[in-house]
Amino acid sequence: RRLVGEDHRNTLSVTLHLARALRESGRLTEAESLFRHALVRLEPQEAEARTLTIPAQVALGRTLTAMGRTDDALPLLERTLTLSRDAFGPEHWRTAEARLALGECLFLLRQFRRAEGLLREAYVVLDRDRRAQPQVARDAAKALQRLYQAWGKPAMGQRYAPARHR
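One structure accompanies this document, and this report is about it. (Residues numbered from 1 in each chain as written. Predicted model: local features only at pLDDT ≥ 70, side-chain atom pairs only at ≥ 80, totals over all residues. Heavy atoms only, no water.)

**Quick look at the packing of aromatic side chains**
The tally for this structure, following the rule as stated, stands at five aromatic pairs. When the ring of Tyr123 is compared with that of Tyr160, the centres are 4.8 Å apart and the planes differ by 85°; the resulting orientation is edge-to-face. You can see Tyr123 sitting in helix H6 (residues 112–128) and its partner Tyr160 sitting in the segment after helix H8 (154–157), a full 37 residues away along the chain. Across the pair, Tyr160 and Tyr123 agree in class, each one buried. The rings of Phe107, Phe112, Tyr123, Tyr148, Trp151 and Tyr160 are connected pair by pair, giving a single aromatic cluster. Lys153 extends its terminal NZ or CZ atom over the ring of Trp151, reaching a point 3.8 Å from the ring centre. (Phe/Tyr/Trp six-rings, centres within 6.5 Å; stacked < 30°, edge-to-face > 60°. Helix = DSSP H or I, 4+ residues; strand = E, 2+ residues; numbered from the N terminus. Buried < 20%, exposed > 50% of the residue type's maximum accessible area, 1.4 Å probe, protein only. Lys NZ or Arg CZ within 6 Å of the ring centre and 35° of its normal.)

**Structural notes on the packing of helix H5 (residues 93–108) against helix H7 (residues 134–150)**
Where H5 contacts H7, the two axes come as close as 11 Å, and the packing angle between them is 25°. As judged from the angle between their axes, H5 and H7 are roughly parallel. You can see that H5 and H7 cross each other, and the crossing is left-handed. Of the residues in H7, those touching H5 at Glu97, Leu100, Glu104 and Phe107 are Val136, Asp139, Ala140, Ala143, Arg146, Leu147 and Ala150. Split by residue class, the contact of H5 with H7 holds seven nonpolar, no polar and four charged. (Axes fitted to C-alpha atoms, helices over the stretch in contact; angles between N-to-C directions. Parallel < 35°, antiparallel > 145°, perpendicular 65-115°, else oblique. Left-handed = near helix turned anticlockwise from the far one by under 90°. Contact = heavy atoms within 4.5 Å. Nonpolar A, V, L, I, M, F, W, Y, C, P; charged D, E, K, R; others polar.)

**Here's the deal with H7**
The end-to-end C-alpha distance of H7 is 24 Å, a good match for the 24 Å that 17 residues give at a rise of 1.5 Å each. Buried residues of H7: Val136, Ala137, Asp139, Ala140, Ala141, Ala143, Leu144, Leu147 and Tyr148, and no others. In the stretch just after H7, Gly152 is the one whose phi turns positive, near 80°. (Expected span 1.5 Å × (residues − 1).)

Here's what the structure looks like:
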């Protein structure tokens, strides 16, 4: 920070990596704070920083969802999916990741039919590109299994069983 400044792209990138690590370790409140801190600084540069902003917005939405704040996460994730589709295209893994995050949020809101469509679309792209993003592909498969289990359709979830996703 002292060397390049608070708003430098590299500083913000490191901040986002730290926020993701905090989220993955369950420190959601701290993660939310860092995601918001970085996003405020990225907004003015959004056009050239979309490779940072869009994943950060997805990560913030997933953090809010994990905190049980689906009402806050839902509009953020809906906007982010649109941004991702416009920036990267509908078949890009980043757009699939945005679909996955929105689908998980909708699942928790018990909007199973909407969640299913998004999760299946995400899975198709992520499964195809699984070598590039194996963890995200596994997350999509697990999300579909959870969805079908909660929806009372466990047999449909079997096609996404872990043995297929190693």
